[in-house]
Amino acid sequence: MRREPAGHPPEINLVDPGLYAHGDPFVQWRWLRANEPMYWHPPTELPGFWALTRYEDIRDAYRDAETFSSAQGILLRPADHGADPGGGRTLALTDAPRHKQLRGLVDSWFAVRSVRALEAEMKDVARRVVDEALERGSCDFVADIAARVPLYVICKMMGVPQADWERLYTLTSQAFGAGDPAARRFAHLDILGYFEELQEEKAEDPGDDLVSVLATATVDGEPLGAEDVILNCNNLLVGGTENTRIAAAGGMLALLEHPEQLQRLYEEPDLMPSAVEEILRWTSTATHIMRTAVRPVEIHGRKVEPGDRVTFWLPSANRDETVFEDPDCFDIVRQPNRHLSLGFGEHFCLGSMLAKVELRLLYQELVSRSIWVELDGPTKLLDSIVVNGPELMPVRLMPGSR
Ligand code: HEM
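First, a word on scope: everything that follows refers to the structure included in this document. On a predicted model such as this, the values are computed, not experimentally measured, just so you know.

## Remarks on the overall build of the chain
Line of reasoning, step 1. Counting its secondary structure elements, the chain contains 15 helices and 14 strands.
Line of reasoning, step 2. Taken against the 2.2 N^0.38 rule, which gives 21 Å for 402 residues, the C-alpha radius of gyration of the chain at 21 Å falls within 12% of a compact globule.
Line of reasoning, step 3. By principal-axis analysis of the C-alpha atoms, the chain measures approximately 55 × 55 × 40 Å.
Line of reasoning, step 4. A total of 402 residues make up the chain; the buried ones form 53% of that total.

## As for the site of the ligand
Line of reasoning, step 1. Of all residues adjacent to the ligand, which total 28 residues, the nearest are Tyr 62, His 99, Arg 103, His 347 and Cys 349.
Line of reasoning, step 2. Contact distances for the ligand include 2.7 Å between an oxygen atom and a side-chain N or O atom of Tyr 62.
Line of reasoning, step 3. Arg 291 is positioned such that a nitrogen or oxygen atom in its side chain is 2.9 Å from an oxygen atom of the ligand.
Line of reasoning, step 4. Among the elements of the structure, helix H4 (98-106), helix H11 (226-257) and strand S7 (288-293) are those that each provide at least two residues to the shell around the ligand.
Line of reasoning, step 5. Per element, the largest residue contribution to the shell around the ligand is six residues, and it comes from H11.
Line of reasoning, step 6. Here the residues of the shell around the ligand sort into 15 nonpolar, 10 polar and three charged.

## Notes on helix H9 (residues 181-204)
Line of reasoning, step 1. Compared with the 34 Å implied by 1.5 Å per residue over 24 residues, the 35 Å span of H9 between its first and last C-alpha is a close match.
Line of reasoning, step 2. By the burial criterion, the buried members of H9 are Ala 187, Ile 191, Tyr 194, Phe 195, Leu 198, Gln 199 and Lys 202.
Line of reasoning, step 3. If you follow the buried residues of H9, they end up packed against helix H7 (148-158), helix H8 (165-176), helix H10 (210-215) and H11.

## Some thoughts on the sheet that holds strand S11 (residues 372-375)
Line of reasoning, step 1. With antiparallel pairing, the three strands of this open sheet are ordered in space as S4-S14-S11. Bordering the open sheet on either side are strand S4 (138-140) and S11, each of which pairs with just one other strand. Averaged over all neighbouring strand pairs, the angle between strand axes comes to 35°, with direction disregarded.
Line of reasoning, step 2. In terms of strand pairing, S11 meets strand S14 (residues 394-398) through four bridges, oriented antiparallel. By the bridge assignment, Val 373 is partnered in S14 with Leu 397.
Line of reasoning, step 3. Strands S4 and S14 of the sheet are contacted by helix H5 (residues 112-136), whose axis makes an angle of about 95° with S14.

## Looking at the pairing of S7
Line of reasoning, step 1. Burial within S7 is extensive, with six of its six residues counted as buried.
Line of reasoning, step 2. Burial along S7 is two-sided: the residues His 288, Met 290 and Thr 292 and Ile 289, Arg 291 and Ala 293 are all buried.
Line of reasoning, step 3. The pairing of strand S3 (residues 68-69) with S7 spans two bridges and is classified as antiparallel. Pairing of Ser 69 across the sheet is with Thr 292, part of S7.

## A look at the coordination of the iron atom of the ligand
Line of reasoning, step 1. Its sole protein donor being Cys 349 (SG), the iron atom of the ligand sits 2.3 Å from that atom.
Line of reasoning, step 2. Inspection of the secondary structure assignment puts Cys 349 in the loop between helix H14 (314-317) and helix H15 (352-368).

## Section: the environment of Gly 225
Line of reasoning, step 1. Relative to the helices and strands, Gly 225 is located in the loop between strand S6 (222-223) and H11.
Line of reasoning, step 2. C-alpha separation for the pair Gly 225 and Leu 214, spaced 11 residues apart in sequence, amounts to 9.3 Å.

Each value, and the rule that gives it
- Residues numbered from 1 in each chain as written.
- Predicted model: local features only at pLDDT ≥ 70, side-chain atom pairs only at ≥ 80, totals over all residues.
- Heavy atoms only, no water.
- Helix = DSSP H or I, 4+ residues; strand = E, 2+ residues; numbered from the N terminus.
- Rg over C-alpha atoms; globule rule 2.2 N^0.38 Å.
- Buried < 20%, exposed > 50% of the residue type's maximum accessible area, 1.4 Å probe, protein only.
- Near = heavy atom within 4 Å.
- Polar contact = N/O pair within 3.5 Å; in protein donor to acceptor, adjacent residues only side chain to side chain.
- Nonpolar A, V, L, I, M, F, W, Y, C, P; charged D, E, K, R; others polar.
- Expected span 1.5 Å × (residues − 1).
- Contact = heavy atoms within 4.5 Å.
- Pairing = 2+ DSSP bridges.
- Axes fitted to C-alpha atoms, helices over the stretch in contact; angles between N-to-C directions.
- Donors = N, O, S within 2.8 Å, 3.2 Å for Na, K, Ca; no water.

In structure tokens, the structure reads:
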């Protein structure tokens, strides 16, 4: 049952990054779900857009990829930034039939069997990262633990030489970190530069890795082209690291804030798979995903014209009271738990399996060794409308103290 939120309607502004760092976006989303499920969000420094906040509406739109295109970008961006350079070229930013062709090149690398084959190595990575954090005692869970596991794993899959992992770790930390915008831009450019060189090497001397697959691929009988290879490498690196880092840290935070749930996980480690699903629902790190309508359509009596931007607010869908019982309760045994944190439909997250295994192995490392984790200072949340969750999370780790 959808309950009408009491009191005055809140002021709606979903594009204020401060809302996600210091405010409570759920107040606005709850109100929109109940009262304006197809809301026209007026322009700010960003162009105006439609906002979908209900689970079923978002799933329906996800299903209708012929109306809702990804090729013009999947995130809101200021009009004066121009078109997304990856538009029509990267996996995430293409429509059928090219999307299917690109996805076909890399799909098998992320299938259950391939991820299982990597599991022993991922476990080693998780152990190493946790050991280093234990040695230090105090650290930032985001940068020192959560960021390293997915980064090392995707580097390995892409064929980045191990000697360069630390360099890419530093560059991705700068590119997604809190530093000034110019430093972030330079880090992004450095990452693209790095892949430019790597793809040239792999094109000449291919190995058994994802960059080699892309660097030697043909689509419709044509080679991909250096720029498309670089953009797709960047898509894999960003996709492979950013959300998993934030979900891993956000999940730890949720467990620390719900100590009875954490205790239960220590006592019943078999609950890990369902705990990971609940962590994904709860953290819902991808805040919005955008599509562009390419033909007219009507939703809740509102007319959407070709060219209109339509946004899906995934954390709102994951708290939809008509789908999830007691949606604002963090419950590691929740069943069923068909959250939309990894998207839905044709563009469903390529790395979904990998992300779940990474999260499971990281928490297992902490739980199986009875490692005590406690907050060691205020957590800072990201100031962003794209991804939400911890940016900085000081913690103290103690061995075998549970
Ligand atoms: C908790 C971790 C993760 C979350 C929450 C997440 C979330 C998402 C979401 C919501 C989408 C759908 C985008 C859309 O609808 O347009 C997506 C797509 C994608 N994700 Fe993930 N992701 C995660 C981990 C990963 C990992 C580990 C990889 C590894 C490479 C990855 C690679 C991708 C790629 C390449 C796409 C585009 C797929 C396509 O368009 O066909 N993601 N992800």
